[in-house]
Structures are given as C-alpha cells and as structure tokens.
Amino acid sequence: MEDIQTRAKQPDFLILLLTFILLGVGLVMVYSSSQIIAYLSEYKDPAHFFKRQLVWAIGGLIGMVIAMNIHYDVYRRYVPIMLGGLFILMVLVLTDLGVSRNGAQRWLNLGFTNIQPSEFVKIGLIIYLASIYSKKQSYITNFKRGLIPPLIVVAIFFMLILLQRDLGTGMSVLFFTMVMIFCSGAQFRHMFGLGALTSVLFTVFVLTSDYRVKRVTSYQNPWEDAQNTGYQLIQSLIAIGNGGFTGRGFGNSIQKYLYLPEAQTDFIFAITAEELGLVGVSFILVCYALLIVRGIRAAVRVPNTFGTLLGIGIVSMIGVQALINIGVVSGRLPVTGISLPLISYGGSSLLLTLFSIGILLNISRHGRDD
C-alpha cells in the first residue's frame, strides 16, 4: 500500500476545469428549464429550483475540496462501516420514513430535506469493489473464489434498488460493476457468463410486470401510446427537434411550458438541446468525453491497484450515467429515471458526483509524472 503521507502533487487542472464547466452549465439550465413550473407551483418563485440547486452545489463543492485532500487509500479502512450504514439507509427507505414520488419510493425524509440513499450506494459499492478486487489479484481468475463473493454484496444492494423502483440506478450499478470486474483482470469467459446471467434475470424481472414491459418497449414506438407510456419521450424528441443546429436561444424553450415532464431533472438534456441546439449539446458531450479520458489517465497512473480500480469505477459511474440519460432522452434506450451528472436538478446526485470527483482529483495528485 502506498504511504498515505507521500507528498501530493497538484490535482489535475483539466478535471477540475471540466467539472466547473459542466456544473455551471447545469446551474444555468436548471434555472431555465424549471422557471415555469417553479412559478406556477406553490413557491411562486421562478428561481426556486435554481436556488436549491445552488445550495447543493456549494455543499458538493465543499465535499469535493475535502475529498480532494484526503488520501484515497483511507476509504478502504471504512468499507464495512460504509456498507452497513448504506444498507440501513436503503432499508429505511422502504419503511414509513420513505418518500414516494411518481410511484417510486426512493427518498428518505430527514426532516429538513429528503435524500436519495441509492445515489450514495454507488460510490460505496465502487470503494468496496476496488478494495476487495485489489486484494484478490492473485486469484482473480478463479470464478468461485475470486469473482463471485463480492457480487453477492452487489446483488443485495441491487435488489434493494429495484424494490425502490429505481431501474436507472440499478442499470448504472450493473454497468460500472462489470467495468470494474473487467479492469480487475477477470477472464472474458467469466465476464460473458455473468453478462448472460444478468440479461436472463433482467428479462424475467421485466416480464413479471405489464408496467415494466410497457416501460421497456414503449421507446421503440412511443407514438403507439402517445398519451400514456410514450408521452414523455415524444415531448423530449420534439424538444430536441426544435433545437436544430444552433438552438432557439437560452430561455426560449417551448417544451418547458409544462409539455415535458421532469424537464429540470431526468430530461434536462432535451431542454438543453432545444435552447442550445446541436452546437451546445456537442460541447457538453466533448466535456464529458474529456472528463472520462482525463479520469482514466489519472487512474492508471497511481501506484496501486486499489487506486486504479477506484478511479476507473468513478469514471465509469459518471460516463455510464451520462450515456444512459442521453440514450433515454434521445429515444435510444427505455425510459428510466436517471439524472445527468452535474447538470440535472437533484441534491443527492449532485453531492455524490462532486464528492466522487473530489476522490478522483486526489487520485490524480498521487500518480506518476510523465
């Protein structure tokens, strides 16, 4: 294990810059996409959601700075405590303390605010998988001894996520878990077997509910049920089409006038495309791509396997979540509730993402020089 007292370098400036750019774009678009619904709500304040997001952003940036200055190796000491605490929170969500919205019970009422524990489960599992697989390197190719035991823990949290009707987060967990397993050195045939098993279980899970079947298949032809399961996607596609090449201009979205549900949260990318056009969303995609590439670069430069897997896990979490969100909004993937990292409205997601980037920045401080 690398000595925790090893002198740290400056954090990766490009990762920091890209984070601030995406966060800035997010704050601006949260204000634009939410001003109508905020004004027509009980708050009567067009800037209500923007103000709340700004508070969460400040808290997240404080968390990022703290994480940036804590050696990444420290987290592996507290894995059992983290997993135990997250398990308790996930169970509490399913009790009377849980808060339901749109038929999904994903939030925990803390009195002064609501949090979404499944968001924090993601970084908890990433730290756990990085820790356990870095210890199993000598027998990582052994399917029963090296690969399977940690996946039992992942499966437990995955089932708790599904019980909260949070398929988007569940998909994100599965994808970054597979990426981390692959980067740990698992054999391809084992990866293929796990992928096939997961696909079968997911298919069975979907087929056991007519609602889930319609949710998964409606994206293929949303106009078949335009007023129900296909409505949100149709409005999203209209928004993207309205944007064209250069967009309608900031603040000039039509779909945010209560046509597109969840305009400031899961479908903020559609409003962004409508107002900023192909030029604007291409800039955002480039920022995400650079953030991922730079994060991978930081991860592969650290001197131990734990740091590399931790960095890869964080980068894949952000990348997979962005990919799923954009795929959903553009009609390439089934509609699931998952936020766009650093851009969508949502305190838990923003806190989690900024704190995770803080860990990634610390990893970048302990990598080898060119």
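To keep things clear, this report deals only with the structure shown in the data block.

So, how was this worked out
Residues numbered from 1 in each chain as written. Predicted model: local features only at pLDDT ≥ 70, side-chain atom pairs only at ≥ 80, totals over all residues. Heavy atoms only, no water. Pairing = 2+ DSSP bridges. Helix = DSSP H or I, 4+ residues; strand = E, 2+ residues; numbered from the N terminus. Contact = heavy atoms within 4.5 Å. Axes fitted to C-alpha atoms, helices over the stretch in contact; angles between N-to-C directions. Buried < 20%, exposed > 50% of the residue type's maximum accessible area, 1.4 Å probe, protein only. Expected span 1.5 Å × (residues − 1). Phe/Tyr/Trp six-rings, centres within 6.5 Å; stacked < 30°, edge-to-face > 60°.

**Let's talk about the sheet that holds strand β3 (residues 114–115)**
Spatial ordering of the open sheet is given by β1-β2-β3, a layout of three strands whose pairing is antiparallel. The strands lining the two open edges of the sheet, one partner per strand, are β1 (98–101) and β3. With two bridges joining them, strand β2 (residues 104–109) and β3 adopt antiparallel strand pairing. Opposite N109, over in β3, you have N114 as the bridge partner. Helix-sheet contacts for helix α3 (residues 79–93) involve β1 and β2, and the interaxial angle to β2 is about 120 degrees.

**Let's talk about the side chain of H48**
By the element assignment, H48 lies in helix α2 (residues 48–68). According to the relative accessible area criterion, H48 is buried, its value standing at 15%. The contacts of H48, once residues within four sequence positions are left out, are A38 and Y43.

**With respect to α2**
Helix length check: α2, at 21 residues, gives a terminal C-alpha distance of 30 Å against a target of 30 Å (1.5 Å per residue), a fit within 8%. Contact partners of the buried residues in α2: α1 (13–40) and α12 (347–365).

**Describing the packing of aromatic side chains**
Scanning the entire structure with this criterion turns up six aromatic pairs. With a centroid separation of 6.4 Å and an interplanar angle of 80 degrees, the aromatic rings of Y43 and F49 are classed as edge-to-face. Ring centres 6.4 Å apart and planes at 90 degrees place the aromatic pair F87 and F157 in the edge-to-face group. On the criterion of sequence distance, the pair formed by F87 in helix α3 and F157 in helix α5 (residues 143–163) is long-range, its members being 70 residues apart. Assessed through its relative accessible area of 38%, F87 is described here as partly exposed.

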